[in-house]
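Chain residues, written in single-letter form:
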Amino acid sequence: MYLQTLLLRRLLQSVSPTWLPCRWLGGGEMSPSKLVRHWQSIFHDHGVPEPQESSEILIAHALGSKTFPSLPPSVAHTSVSVAQLRHIESMAQQRLKRVPIQYVIGEWDFLDITLQMRPPVFIPRPETEELVGLVLGASRRLQCSAEPLVLEVGCGSGAVSLSLLQRLPQARITAIDKTKAAVKLTEDNAVSLGLQNQIQVLLLDILADPPDPLLMWGPVDVLVSNPPYISTSDISQLDPEIVKYEDHAALDGGPDGMDVIRGILSFAPRLLKPGGDIFLEVDPSHPERIKLWIQDHTDTHLQYISTVQDFCGRSRFVHLRRD
Ligand SMILES: C[S@@+](CC[C@H](N)C(=O)[O-])C[C@H]1O[C@@H](n2cnc3c(N)ncnc32)[C@H](O)[C@@H]1O
């Protein structure tokens, strides 16, 4: 027994003795709920945001569940093994360095799909789930076409395109991104979800590359995008999780946040069928700017249909239509 305790102590010390629960170092038992409290308190003391949520998610993940309340009673009331404890310790160390929880556990749910997450590809945000709902509810073209074609500009992990495909099995989507990491992650997520035959993912910079590959399947019924829309001067004020670990190319929309939006609007008439819809997620200051841009560019034949609020009441989504 003495030797076992000594070996266990050595094993744990090789991980990082500072953070480990004292009772474990003495060979005592550690239940999942005690571990949650242990890491919650360390996260709290080190200024990690939402310490309880972080602690619960890490521990649930290490024990094979998505959430702490959904742990089966047989797991919730059993002591954590040494291997599990080491896994939790190593994930918690990353969280203490402010690595986003989604990168730490390597996956995240978006609507009803689970996506692999890999840094530095953008982590999908809850408001983007509303963008998907808007596209599904407001696009006449999606509702009426037998085989609708969709283009997503800036697919990141594939959250928008893949959740649309889940609900629209008859649709085909071209998803583009300017970073290789995003293109690869969207492809991997499409395969994991069995949706790879309905999507083509292209490495393409909408501001720099010729758009011809986007027309391989012909003009599209719907163009959707939540492009980078934060103004360059605001980037440094974002949380450390975002600034240190997420790709700035996914966030930085230039001096007024509109660089990629203007690029999309300029190309849209060539890419859309007549009557085709554009749905954008934008900064609340952008809807008025987009209205002005359209007034100044009548040759684009774009109509401003509506501004839609997000769940916080901010003007977050813009619906446009090509004449
Ligand atoms: C805010 S993220 C959205 C990602 C994904 N749609 C989501 O909701 O999780 C914006 C994405 O646009 C891509 N992007 C930025 N500039 C681009 C450009 N000029 N052409 C194509 N993609 C671009 C970024 O690499 C990033 O993946």
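Since the structure is predicted, the reported quantities are computational estimates derived from the model, not experimental observations.

About the thresholds
- Residues numbered from 1 in each chain as written.
- Predicted model: local features only at pLDDT ≥ 70, side-chain atom pairs only at ≥ 80, totals over all residues.
- Heavy atoms only, no water.
- Domains from an automatic or database assignment.
- Contact = heavy atoms within 4.5 Å.
- Buried area = accessible area lost by both parts, 1.4 Å probe.
- Salt bridge = Lys/Arg side-chain N within 4 Å of Asp/Glu carboxyl O.
- Polar contact = N/O pair within 3.5 Å; in protein donor to acceptor, adjacent residues only side chain to side chain.
- Nonpolar A, V, L, I, M, F, W, Y, C, P; charged D, E, K, R; others polar.
- Pairing = 2+ DSSP bridges.
- Helix = DSSP H or I, 4+ residues; strand = E, 2+ residues; numbered from the N terminus.
- Axes fitted to C-alpha atoms, helices over the stretch in contact; angles between N-to-C directions.
- Parallel < 35°, antiparallel > 145°, perpendicular 65-115°, else oblique.
- Left-handed = near helix turned anticlockwise from the far one by under 90°.
- Phe/Tyr/Trp six-rings, centres within 6.5 Å; stacked < 30°, edge-to-face > 60°.
- Lys NZ or Arg CZ within 6 Å of the ring centre and 35° of its normal.

Asker: Explain the domain arrangement of the protein chain to me, please; I cannot follow it from the model alone.
Answerer: How large an interface is tends to be reported as the accessible area lost when its parts come together. By domain assignment, the protein chain separates into domain 1 (2–97) and domain 2 (111–322). Centre-to-centre, using C-alpha coordinates, domain 1 lies 39 Å away from domain 2. Listed by partner, the interface residues are four residues for domain 1 and four residues for domain 2. Here domain 1 packs against domain 2, burying approximately 270 Å² in sum over the two surfaces, 22% of which is carbon and sulfur. The largest share of the area that domain 1 buries against domain 2 comes from Lys 66, Arg 95 and Lys 97, three residues that together contribute 85% of it. Arg 95 is the salt-bridge partner of Glu 241, the closest N and O atoms lying 3.0 Å from each other. At the junction of domain 1 with domain 2, the criterion picks out three residue pairs in polar contact (both at pLDDT 80 or more). A per-class count over the side of domain 1 that touches domain 2 returns one nonpolar, no polar and three charged.

Asker: Mind showing me how you'd approach the sheet that holds strand β8 (residues 302–309) here?
Answerer: Taken together, the seven strands give an open sheet; going across it, the order is β5-β4-β3-β6-β7-β9-β8, and neighbouring strands pair in mixed fashion. Each having just a single partner strand, β5 (199–203) and β8 make up the two edges of the open sheet. Averaged over all pairs of adjacent strands, the angle between strand axes in this sheet comes to 15°, irrespective of strand direction. Note that strand β4 (residues 172–177) and β5 share five bridges and pair parallel.

Asker: Explain the packing of helix α3 (residues 32–45) against helix α6 (residues 82–96) here, please?
Answerer: For any two helices packed against each other, the geometry is given by the interaxial angle and the distance between the axes. Close contact between α3 and α6 brings their axes to 11 Å; oriented N to C, the two are set at 20°. Relative to α6, the element α3 lies roughly parallel. By crossing handedness, the relation of α3 to α6 is classed as right-handed. For the pair α3 and α6, contact is made by Leu 35, Trp 39, Ile 42 and Phe 43 and by Leu 85, Ile 88, Glu 89, Ala 92, Arg 95 and Leu 96, respectively. By residue class, the composition of the contact of α3 with α6 is eight nonpolar, no polar and two charged.

Asker: Explain the packing of aromatic side chains to me, please; I cannot follow it from the model alone.
Answerer: What describes a pair of aromatic rings is the distance from one ring centre to the other and the angle between the planes of the rings. One pass over the structure, following the stated rule, counts one aromatic pair. Lying across the ring of Tyr 304, Lys 291 places its NZ or CZ 5.0 Å from the centre.

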